[in-house]
Amino acid sequence: MNNDIGVYIHIPFCLSKCYYCDFASFANCEALIEPYIDALCEEILKNSEILSQYNISTIYIGGGTPSYIDAKYIVQILDTLKLFISSNSLKEVTIEVNPNSITKEKLEMYKEAGVNRLSIGLQSTYDKVLKMIGRAHKLKDFEETLNLANEVGFSNISLDLIYPLPDLSLEEFKNTVDYAISLKEKNIKHISIYNLEIHENTKLAFLLKEGYISLVDEDTEYEMYKYLKDTFETNEYHRYEISNYALKGYESIHNLKYWNQEQYLGFGSSAASFFGGRRYSNLKDVREYINNIKSNKSVRSECEELDLLALMKEYVMLNLRKTEGLDKTKFKRKYQKDVYDIFSEEINELVKDGLIKDEKGHIMLTDRGLEVANLVWEKFV
Ligand SMILES: C[S@@+](CC[C@H](N)C(=O)[O-])C[C@H]1O[C@@H](n2cnc3c(N)ncnc32)[C@H](O)[C@@H]1O
Ligand code: SF4
């Protein structure tokens, strides 16, 4: 039996709130940082029994902006987790880093503490766009961060981009993609490029609704998609998930756990977990989270027990996110049933519509399916 488990750590603090962001992240809460980290470490210790029964193979420190807080807190968290880590089980330790909140000292402390992968949020290479979406940095800050990361010896770095963004022409977007691939020599081994999601109640939604900014039309967005996909792929960044491209061997081990429906535990406010057939998440409110830990109350906000059918549906959907798709043999091994016995109607219809294909033991999205994946998910909800 696979005894590996992933750990997600949520750091909910940011320097300022980006206009598009709907994550559980907050600015101007400096006084909460220290009590929060103490509470988070206490939450880890409260789970000692579970943690000591599993091999922690990946740790992902996300946010928010983990690099915004003092690096001593990251060390404190990793030291707490190390109580449960056997020497050779840990494969990947990622931390999300924002340009403008990083120093060489912080990076050295991360490395010393065992971090072996950085994920840097750039989003756009144009300062005018960064300003328009409320990012607290410029392109030159990113370049400094990347140079420092290389100086300190990080050789596995991921880059985050978003498209389409306001005020960006097709030509400018192509320059951004070309710039991203030129960073291969600076150890950018992985590129996540997300389709912009416009969340209600964000400043971006307001600016768009009021007509202060506008996005490109659908045809231009499609041109952007084609360009990024073709350019990344011809430059050896192979697409392994809808929004993720990597050089061979540099796919995110932690994120693959999500798509392979493997177990992970999340610690900190709003952190999500999948464990024992249940999905649950922690309280979003940072103060409430700290108070509940202190007074020995539960920090869970939601918990969903998935029955067998729900687990199988979810397994299919998550695996279809990967370009290699769903391995039919693995499905059978996990659920003791042939995937066609359960989902033949859905699969046959999607094959007929040209959105998925069944090839070499795998069911996967076609090129068309990758473009309109939502139509595929609809069949399994
Ligand atoms: C957990 S977030 C934050 C990471 C880090 N704080 C940063 O801002 O770079 C991870 C990534 O999600 C993406 N993201 C956040 N909000 C988004 C949105 N509304 N639409 C598309 N992508 C988004 C960004 O690329 C971001 O880097
Ligand atoms: S820095 Fe990251 S987490 Fe914080 S507000 Fe911006 S996108 Fe959201």
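Along each chain, numbering runs from 1 in the same order as the chain's sequence is written. Working convention: letters from A go to chains and numbers from 1 go to ligands, in the order in which they are written. At least 70 in pLDDT is required for a residue's local features to be given in this predicted model, at least 80 for side-chain atom pairs to be given and counted, and no such filter applies to totals for whole chains, interfaces and linings, which use all residues.

Draft legend 1. Examining the overall build of the protein more closely. In terms of helices and strands, the protein carries 16 helices and 17 strands. For this measure, only C-alpha atoms enter the radius of gyration; the expected value for a globule follows 2.2 Å times N^0.38, where N is the number of residues. Computed over its C-alpha atoms, the radius of gyration of the protein comes to 21 Å, within 12% of the 21 Å expected for a compact globule of 381 residues. Taking the principal axes of the C-alpha coordinates as reference, the protein spans close to 55 × 50 × 40 Å. Put plainly, a residue is buried at 20 or more neighbouring C-beta atoms within 10 Å of its own, exposed at 12 or fewer, and partly exposed in between, counting only other residues' C-beta atoms, which are placed from the backbone. Scored against the burial criterion, the 381 residues of the protein give a buried share of 36%. Once C-beta atoms have been placed from the backbone, residue pairs whose C-beta atoms lie within 7 Å are recorded as contacts. Taking all contacts inside the protein whose residues are at least 6 apart in sequence as the whole, residues at least 24 apart take part in 71%. The helix count covers DSSP runs of H or I at least four residues long, the strand count covers runs of E at least two residues long, and both are numbered beginning at the N terminus.

Draft legend 2. The domain arrangement of the protein, seen in detail. By domain assignment, the protein separates into domain 1 (4–259) and domain 2 (308–378). Each domain's limits were defined by an automated method or a database of domain assignments. One C-alpha centre belongs to domain 1, the other to domain 2, and the line joining them spans 28 Å. On the domain 2 side, the residues contacting the six residues of domain 1 number seven residues. Sorting the residues of the side of domain 1 that touches domain 2 by element identifies strand 9 (238–241) and helix 10 (253–259) as the ones contributing at least two each. Under the scheme applied here, ten amino acids are nonpolar (Ala, Val, Leu, Ile, Met, Phe, Trp, Tyr, Cys and Pro), four are charged (Asp, Glu, Lys and Arg), and all others, including Gly, are polar. Within the side of domain 1 that touches domain 2, the residues separate by chemical class into four nonpolar, no polar and two charged.

Draft legend 3. Up close: the sheet that holds strand 15 (residues 326–327). A strand pair is defined by DSSP finding two or more bridges across the two strands. Spatially, the three strands line up as an open sheet ordered 15-17-16, and their pairing is antiparallel. Pairing within the sheet leaves two strands with one partner each, and these edge strands are strand 15 and strand 16 (356–359). Direction of pairing for strand 16 relative to strand 17 (residues 362–365): antiparallel, over a ladder of four bridges. Bridge pairing in strand 17 links Glu 359 to His 362.

Draft legend 4. Structural view of the site of ligand 1. Each residue gets a C-beta atom placed from its backbone. Should that atom fall within 6 Å of a molecule or strand, the residue is termed near it. Around ligand 1, the structure places 17 residues, and the nearest of them are Tyr 20, Gly 121, Asp 160, Tyr 194 and Glu 197. Elements with a minimum of two residues in the shell around ligand 1: strand 4 (55–63), strand 6 (117–123) and strand 7 (157–163). Grouping the constituent residues of the shell around ligand 1 by class yields six nonpolar, eight polar and three charged.

Draft legend 5. Geometry of the site of ligand 2. Around ligand 2, a shell composed of Cys 14, Lys 17, Cys 18, Cys 21, Phe 23, Ser 25, Gly 63, Gly 64, Thr 65, Asn 98 and Gly 121 is seen. Of the residues in the shell around ligand 2, the class split is four nonpolar, six polar and one charged.

Draft legend 6. Representation of helix 1 (residues 30–46) within the structure. Helix length check: helix 1 (17 residues) gives 25 Å between terminal C-alpha atoms against 24 Å at 1.5 Å per residue, within 8%. In helix 1, a bend of some 25° at Tyr 36 exceeds every other bend along the element. Among the residues of helix 1, those classed as buried are Tyr 36, Ile 37, Ala 39, Leu 40 and Glu 43. For a helix, the expected span equals 1.5 Å multiplied by the number of residues minus one. Axes are fitted to the seven residues ending at a residue and to the seven starting at it; the angle between these axes is taken as the bend at that residue.

Draft legend 7. Layout of the pairing of strand 12 (residues 272–275). Note: strand 12 against strand 13 (residues 278–282), four bridges, orientation antiparallel. Note on strand 13: the bridge partner recorded for Ala 272 is Ser 281. Taking the residues between adjacent antiparallel strands as the criterion, strand 12 and strand 13 are bridged by two residues, where Gly 276 takes a positive phi near 60°.

Draft legend 8. Just the packing of helix 7 (residues 170–182) against helix 9 (residues 218–234), in detail. Lines fitted to C-alpha atoms define the axes here, with helix axes fitted over just the stretch in contact, and angles between the N-to-C directions of these axes take values from 0 to 180 degrees. Orientation of helix 7 relative to helix 9, taken along the N-to-C sense of each, is 20°, at an axis distance of 10 Å. Relative to helix 9, the element helix 7 lies roughly parallel. As helix 7 runs across helix 9, the sense of the crossing is right-handed. Between helix 7, through Leu 170, Phe 173, Lys 174, Val 177 and Ile 181, and helix 9, the contact on the second element is made entirely by Thr 220, Glu 223, Met 224, Tyr 227, Leu 228, Thr 231 and Phe 232. For the contact of helix 7 with helix 9, the per-class residue count stands at eight nonpolar, two polar and two charged. Our angle categories are set so that under 35 degrees counts as roughly parallel, over 145 as roughly antiparallel, 65 to 115 as roughly perpendicular, and the remainder as oblique. Note: crossing handedness is left-handed where the near helix turns anticlockwise from the far helix by less than a right angle, and right-handed where it turns clockwise.

Draft legend 9. Region of interest: the nonpolar core. For our purposes the nonpolar core covers buried Ala, Val, Leu, Ile, Met, Phe, Trp, Tyr and Cys residues that link as a set through C-beta atoms within 7 Å. Ranked by internal contacts, the top residues of the largest apolar core, which has 75 residues, are Val 7, Ile 9, Ile 59, Ile 120, Leu 161 and Ile 191. Counting 14 residues, the second-largest nonpolar core is a separate cluster that includes Tyr 315, Leu 326, Val 339 and Leu 350.

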